[in-house]
Amino acid sequence: MATLYPAPLRPGCLPCPSRGPGWRSLPLSRRAQLCTWRPMAICGAPPSSPSLGGSSSPHTNGSLTPLVHLESVPVRVTNEVNVNAVLSPKDIYFRCAELGGHKAAQPWWKILLAGVMAGSYVSMSGMLLLTVGPHCIEMAGSNPGLARYVTGAIGFPFGLLTIMTCGAELFTGNTAMVAAAVYEGRADLKALAKSWSCSYIGNMLGCCLGVAIVVAGGLLPQMTRGAASL
């Protein structure tokens, strides 16, 4: 036998038959109590239509809360992998072209500001690389390969992940995506030149900003020692 559970109320649903004279003058909480419309596929019966006076319907529990029959559905668990969720190389290319068209359609000042953000993140990853990796002295003495791996794994991947997460504009990514958009007819050469030039200039400005912060903070000697030890 199916168990009855109170269904969540849907305040102000458009096809609700409870609407009548004075419906808009009622508070939202009262509308939620009166609105008991549910599709026939859920409760298995025609929608109820209580009046504004507060009378219950045959499909409620007396407090104007609709009851829904929840039927158990068997779940089949297998070891199969849904390959439909994996894009083919062709689909990936067209997705990149679509994204490149969106990037090319942005105004120049947005591309420039996003490029400055990306350049700042790249400079931060460079500072992290020169701070952590070269100063693993004991690791470099016992296992030089692991020390090199740590140096490369901590630096640029951090900046790239930050750029992808924050949606910044990196020149290398625009070179591939916007070019694909132009080839597929989603952007023109003028938009290509705008995207490439603004993102490149923004990346350079962001990197220069990171260098200025390092110099002003007195971290340049530490960065220099880290670069010399690589």
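Structural data are supplied above this passage.
Attention in this report is confined to the structure presented alongside it.

Rules used throughout
- Residues numbered from 1 in each chain as written.
- Predicted model: local features only at pLDDT ≥ 70, side-chain atom pairs only at ≥ 80, totals over all residues.
- Heavy atoms only, no water.
- Core = buried A, V, L, I, M, F, W, Y, C linked by side-chain atoms within 4.5 Å.
- Buried < 20%, exposed > 50% of the residue type's maximum accessible area, 1.4 Å probe, protein only.
- Helix = DSSP H or I, 4+ residues; strand = E, 2+ residues; numbered from the N terminus.
- Contact = heavy atoms within 4.5 Å.
- Phe/Tyr/Trp six-rings, centres within 6.5 Å; stacked < 30°, edge-to-face > 60°.
- Expected span 1.5 Å × (residues − 1).
- Arc of directions from axis to C-beta.

**Quick word on the nonpolar core**
And step 1. Core analysis: the biggest nonpolar cluster contains 6 residues, these being A104, V178, A181, A187, A191 and L192.
And step 2. Of all the elements in the fold, those that place two or more residues in this core are α8 (171–183) and α9 (189–216).
And step 3. Core analysis: the second largest hydrophobic core is formed by 5 residues, Y121, I163, A168 and L170 among them.

**Observations regarding the environment of V178**
And step 1. By secondary structure assignment, the location of V178 is in helix α8.
And step 2. Relative accessible area serves as the criterion here: at 0%, V178 is assigned to the buried category.
And step 3. Expressed as a C-alpha distance, the spacing of V178 and A104, which sit 74 residues apart in the sequence, is 6.4 Å.
And step 4. The residues touching V178, leaving out its near neighbours within four places in the chain, are G100, K103, A104, L192, S195 and W196.

**Observations concerning the packing of aromatic side chains**
And step 1. Applying the stated criterion across every chain, the model contains 3 aromatic pairs.
And step 2. With a centroid separation of 6.4 Å and an interplanar angle of 75°, the aromatic rings of F171 and W196 are classed as edge-to-face. Here F171, found in helix α8, pairs with W196, found in helix α9; they are 25 residues apart in sequence, far enough to count as distant.
And step 3. Its relative accessible area of 28% is what places W196 among the partly exposed residues.
And step 4. Plain terms: the ring middles of F171 and Y200 are 5.2 Å apart, the flat faces sit at 75° to each other, and that makes the pair edge-to-face. Of this pair, F171 sits in helix α8 while Y200 sits in helix α9, and the two are 29 residues apart along the sequence.

**Some thoughts on α8**
Because each turn of an α-helix spans 3.6 residues, side chains separated by three or four positions in sequence point in the same direction.
And step 1. In this model α8 runs 18 Å from its N-terminal to its C-terminal C-alpha over 13 residues, within 8% of the 18 Å that 1.5 Å per residue would give.
And step 2. Looking only at α8, the buried set comprises N174, V178, A180 and A181. Seen end-on, α8 carries its buried residues on one side only, within an arc spanning 150°. The outward face of α8, more than 90 degrees from its buried face, is lined by the exposed residues T172, A176 and Y183.

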